[in-house]
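# Results of the structural survey
Here's the letter readout for the chains.
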Amino acid sequence: MLCFNTIHDTRQQLYAWRMAGERIVFVPTMGNLHRGHLRLVEHARQQGQRVVVSIFVNPMQFNDKDDFAAYPNTLEQDSVKLQAVGVDALFLPSVEMIYPDGHQNNCDVIVPGLSDILCGAHRPGHFVGVATVVAKLFNIVQADVAVFGEKDFQQLMVIRRMVNALCFPVEVKGVPTERESDGLAMSSRNGYLSAEERQRAPLLYKVLEQVKSQLKSGGDDISAIEAQAQQVLQDGGFRAEYFSVRSAQDLALVEANTQDLVIVAAAWLGKARLIDNIRLNLG
Ligand code: PAF
């Protein structure tokens, strides 16, 4: 696996691969890699000849300085894992490289509307940070395909909309959420759970599944269903930020004829902010 620390070297290698007619697939990450990330790489492998992974903990998408400071740096272990799954190149930019004028004086990418609801309402500026860094990484890597996890459903929608609006020549692929055997969605944040909280954590997915069954069997009082789900989470020791049934097309509130649904949730369990979602088509 080749490792690049500069934009110049990364571009040079990618140019050579592109000139050789190889299809480049990109998996952007913030490191602290788990099985979910490795699934993204496996998926990427099937999409082209060269897989490029970036590890960059993006300060601009953290609305909480302490959260950024506490984000684990596990570069050595991450490199071993990426090498084992056959990644061709690892790009490791510095903050100065990505934000040469400081991220306060940056040129921001704003995806209006979508960025301000759900996670965006609770983490102001988060999706501006995500869209901006992903746009920069796309410009550096210039991949044919980019792969993201569906666990971050809203992030995936923000990125798709950005790609569409700004005409990035990249195909964005979503990969289904990788779960532990008890249903808990894999996430770097799971490492913040105590042993006791880890036992409770699968409740989030269980409640999503329960709400899916309710909707499938004709439940149509969405507000009551959402409120009941939040209560179950609260009784289970969670502090829910939101639990909401939305259109899977644009995350808008559900109307009588909306059939393609996604149930999205974010909830705190101790120091861990967990997010998860589940799709449902009533058509
Ligand atoms: O999902 C992530 O790990 C990050 O938000 C991303 C897409 C790498 C941007 O920093």
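Notes on the structure follow. (Residues numbered from 1 in each chain as written. Predicted model: local features only at pLDDT ≥ 70, side-chain atom pairs only at ≥ 80, totals over all residues. Heavy atoms only, no water.)

## Digging into the sheet that holds strand β7 (residues 239-247)
Read across the open sheet, the three strands follow the order β7-β8-β9; overall the sheet is antiparallel. A single partner strand is all that each edge strand has here, and the edge strands are β7 and β9 (272-281). With strand direction ignored, the average angle separating the axes of adjacent strands in the sheet is 10 degrees. (Pairing = 2+ DSSP bridges. Helix = DSSP H or I, 4+ residues; strand = E, 2+ residues; numbered from the N terminus. Axes fitted to C-alpha atoms, helices over the stretch in contact; angles between N-to-C directions.)

## Let's talk about the pairing of β9
Within β9, eight of the ten residues are buried, leaving the element largely enclosed by the surrounding structure. Across ten bridges, strand β8 (residues 260-269) lies against β9 in antiparallel orientation. Within β9, the position partnered with Val264 by the bridge is Asn277. In sequence, β8 turns back onto β9 through a hairpin of two residues, with Gly270 there showing a positive phi of about 60 degrees. (Buried < 20%, exposed > 50% of the residue type's maximum accessible area, 1.4 Å probe, protein only.)

## With respect to the packing of aromatic side chains
If you walk through the whole model with that rule in mind, you get six aromatic pairs. Ring plane angle 40 degrees and centroid distance 6.4 Å describe the contact between Phe56 and Tyr99, whose orientation is recorded as tilted. Of the two residues, Phe56 is situated in the loop between β3 (50-55) and α3 (65-70) and Tyr99 in the loop between α5 (95-98) and α6 (119-122); the sequence distance between them amounts to 43 residues. Residue classification places Tyr99 among the buried residues on the basis of a relative accessible area of 3%. One aromatic cluster is present, formed by Phe26, Phe138, Phe148 and Phe168 through successive ring pairs. (Phe/Tyr/Trp six-rings, centres within 6.5 Å; stacked < 30°, edge-to-face > 60°.)

## A look at the site of the ligand
In the vicinity of the ligand, the contacting residues are Pro28, Thr29, Met30, Gln61, Val133, Phe148 and Gln155. A distance of 2.6 Å is found between an oxygen atom of the ligand and a side-chain nitrogen or oxygen belonging to Gln61. Gln155 places a polar side-chain atom, nitrogen or oxygen, 2.7 Å from an oxygen atom of the ligand. Notes on the ligand: free accessible area 290 Å², of which the protein chains cover 88%. (Near = heavy atom within 4 Å. Polar contact = N/O pair within 3.5 Å; in protein donor to acceptor, adjacent residues only side chain to side chain. Areas by Shrake-Rupley, 256 points an atom, 1.4 Å probe, with all protein chains shown as cover.)

## Quick word on the side chain of Asp276
Mapping Asp276 onto the fold places it in strand β9. We classify Asp276 as buried; its relative accessible area is 4%. Ignoring sequence-local partners within four residues, the contact set of Asp276 consists of Arg179, Ala185, Leu204, Tyr205, Leu208, Ile263, Val264 and Ala265. (Contact = heavy atoms within 4.5 Å.)

## A few points about the pattern of salt bridges
Summed over all chains, the structure comprises 15 salt bridges. Arg273 is the partner of Glu241 in a salt bridge, and the nearest nitrogen-oxygen pair spans 2.7 Å. Of this pair, Glu241 sits in strand β7 while Arg273 is found in strand β9, placing the two residues 32 residues apart along the sequence. Judged by its relative accessible area of 18%, Glu241 falls in the buried class. It is possible to trace a salt-bridge network through shared partners that takes in Glu22, Arg45, Arg50 and Asp88. (Salt bridge = Lys/Arg side-chain N within 4 Å of Asp/Glu carboxyl O.)

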